[in-house]
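Tertiary structure, described
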Amino acid sequence: MLRIRRFEEKTDELFMAGRIKGAVHVSIGQEACSVGVCSALNQDDAILTTHRGHGHSIAKGTRLNEMMAELLGKATGLCKARGGSMHIADISKGHYGAHSIVGANMPMAAGMGLAFQLEGKGRVAVVFFGDGASNQGSFHESLNLCAIWKLPVVFFCENNHYAVSFHVNRSTAVRDISLRAQSYNAPGVTVDGMDVMAVYEATREAVARARRGEGPSLIEAKTYRFFGHSRGDPQFGPYRTKEEVERWRKRDPLIVAEKMFKPTEAEKKAIQAEVDKEMATAIEFAEKSPDAALSSALEDVYA
Ligand SMILES: Cc1ncc(C[n+]2csc(CCOP(=O)(O)OP(=O)(O)O)c2C)c(N)n1
């Protein structure tokens, strides 16, 4: 979780310094979701993520050096700088892409689920999405199809309570998004998204069910983003108060995990030093890499 936090703090710094082009959406505050889910997966299980996908990518094992290079527009980037922050992918680690069209990754997850079912090796696909995306038709259609065909897909909704500036209570008729699973005869559970173990346990159960051939599950994690919707946006705005943000910050997933695992001071220092070194290495790798050539812009582009 600290690795994700530091990566996104660095990303934020680089974006504010004008070094990263395009939009960047950090998931600071939501790290327990990324780590809890991906800790319950094997490397050959798949994830599909969103515009807010750095944390999911890192938790799935995506290579940091090449990910930083992607953000900085370098030829060595994971997608040779064609993707940027919102389109990170690392197939070698089971990361089948960040998708910036809200809700578009869910039909893809259903397709992957069908492929995995036909393959018969017990692989599972997890699709991450937000509370806003749960109001898209693609969510309902995909969950329904996965339930009918018993596809091995876990729908993981990070309910951070806002879609840009719109509070979930104003956009969503149910109090708990997990209730929507009932319409599709699938299990639905709501967990504390600031508690990495709660997320891990719920995911472990859903993944086991999917591997047994019993079909999809819906997990809703109640969480919160500490920063603005995208970088450049203020942390507080007309749509939420400083007090609300501070209240959630008291349940920072890193603090919750520290209280739970009780690392010694020496262990904490060792983790911090390792993560700082990884970040320095990633930035150095990216900075020393050549910029992606404009002439290569259309290579590997299919549509
Ligand atoms: C189909 C579509 N509509 C609108 C947008 C613009 N947009 C980008 S992020 C976002 C909010 C998504 O909210 P949510 O699903 O809750 O995810 P969060 O940003 O909170 O992680 C919107 C409306 C988009 N990218 N795609």
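Above this note sits the structure.
These figures come from a predicted structure and were not determined experimentally.

Parameters at a glance
Residues numbered from 1 in each chain as written. Predicted model: local features only at pLDDT ≥ 70, side-chain atom pairs only at ≥ 80, totals over all residues. Heavy atoms only, no water. Helix = DSSP H or I, 4+ residues; strand = E, 2+ residues; numbered from the N terminus. Rg over C-alpha atoms; globule rule 2.2 N^0.38 Å. Contact = heavy atoms within 4.5 Å. Areas by Shrake-Rupley, 256 points an atom, 1.4 Å probe, with all protein chains shown as cover. Lys, Arg positive; Asp, Glu negative; His and termini not counted. Charge placed at Lys NZ, Arg CZ, Asp CG, Glu CD. Buried < 20%, exposed > 50% of the residue type's maximum accessible area, 1.4 Å probe, protein only. Near = heavy atom within 4 Å. Polar contact = N/O pair within 3.5 Å; in protein donor to acceptor, adjacent residues only side chain to side chain. Expected span 1.5 Å × (residues − 1). Pairing = 2+ DSSP bridges. Axes fitted to C-alpha atoms, helices over the stretch in contact; angles between N-to-C directions. Salt bridge = Lys/Arg side-chain N within 4 Å of Asp/Glu carboxyl O.

Helices and strands together make up the secondary structure of the chain, namely 11 helices and 8 strands. The C-alpha atoms of the chain give 19 Å as radius of gyration, which agrees with the globular expectation for 303 residues (19 Å, within 12%). In terms of overall dimensions, the chain has C-alpha extents of about 50 × 45 × 40 Å along its principal axes. Across the chain, every contact between residues at least 6 apart in sequence was considered, and the portion connecting residues at least 24 apart equals 73%. When the accessible surface of the chain is summed, it comes to about 13,800 Å², and 55% of that surface belongs to carbon and sulfur atoms. For the chain, the centre of its 38 positive side-chain charges and the centre of its 37 negative side-chain charges are spaced 1 Å apart.

Summarising burial for helix α2 (residues 31-38): 8 of the 8 residues are buried, a large majority. Turning to α2, its buried residues are E31, A32, C33, S34, V35, G36, V37 and C38.

As a further point, take the site of the ligand. Taken together, 15 residues lie around the ligand, and H51, R52, G132, N160 and Y162 are the ones closest in. The separation between an oxygen atom of the ligand and a polar side-chain atom of R52 is 2.8 Å. Between the ligand and D131, the relevant distance is 3.3 Å, taken from an oxygen atom to a main-chain nitrogen or oxygen of the residue. Protein contact buries 69% of the 580 Å² of open area that the ligand shows by itself.

Turning our eyes to something else, we now look at unusual backbone geometry. Most of the time, phi is negative for any residue but glycine, and the peptide bond is trans. Positioned with a positive phi, K80 is a non-glycine residue whose angle comes to about 50°. Here K80 is to be found in the loop between α4 (64-71) and β2 (95-98). For K80, a relative accessible area of 41% translates into the label partly exposed. Even without a glycine there, the phi angle at D300 is positive, about 60°. Here D300 is to be found in the segment after α11 (265-288).

Attention now goes to the side chain of T49. As for its position among the elements, T49 is in strand β1 (residues 46-49). Overall, T49 belongs to the buried group, its relative accessible area being 0%. At 2.6 Å, the side chain of T49 forms a polar contact with the side chain of H56. The residues touching T49, leaving out its near neighbours within four places in the chain, are H56, S57, H95, G97, A98, H99, N105 and F128.

What follows is about α11. Between its terminal C-alpha atoms α11 stretches 34 Å, which fits the 34 Å expected from 24 residues at 1.5 Å a residue. Looking at α11, one finds that the buried residues are V275, M279, A282, I283 and A286. Elements that come into contact with the buried residues of α11 comprise α1 (2-16) and α4.

Strand order in the open sheet made by the 6 strands is β2-β1-β3-β4-β8-β7, with parallel pairing throughout. Sheet topology places β2 and β7 (188-192) at the edges, where each strand pairs with a single neighbour. For this sheet the average axis-to-axis angle between neighbouring strands, irrespective of direction, equals 15°. Relative to β2, β1 runs parallel, the two sharing 2 bridges. By the bridge assignment for β2, I47 is matched with H95.

Applying the stated criterion to the full structure yields 23 salt bridges. Between K74 and D291 there is a salt bridge, and its shortest N-O distance comes to 3.0 Å. Here K74 is found in the loop between α4 and β2, whereas its partner D291 is found in the segment after α11, with 217 residues between them in sequence. Under the relative-accessibility criterion, D291 is labelled exposed at 55%. Residue R175 pairs with D176 through a salt bridge whose shortest N-O separation is 3.0 Å. A residue is classified by how much of its surface remains accessible, and R175, at 68% relative accessible area, is exposed. The class of D176 is buried, set by a relative accessible area of 15%. Several salt bridges share partner residues, and in doing so they unite K80, R82, E299 and D300 into one network.

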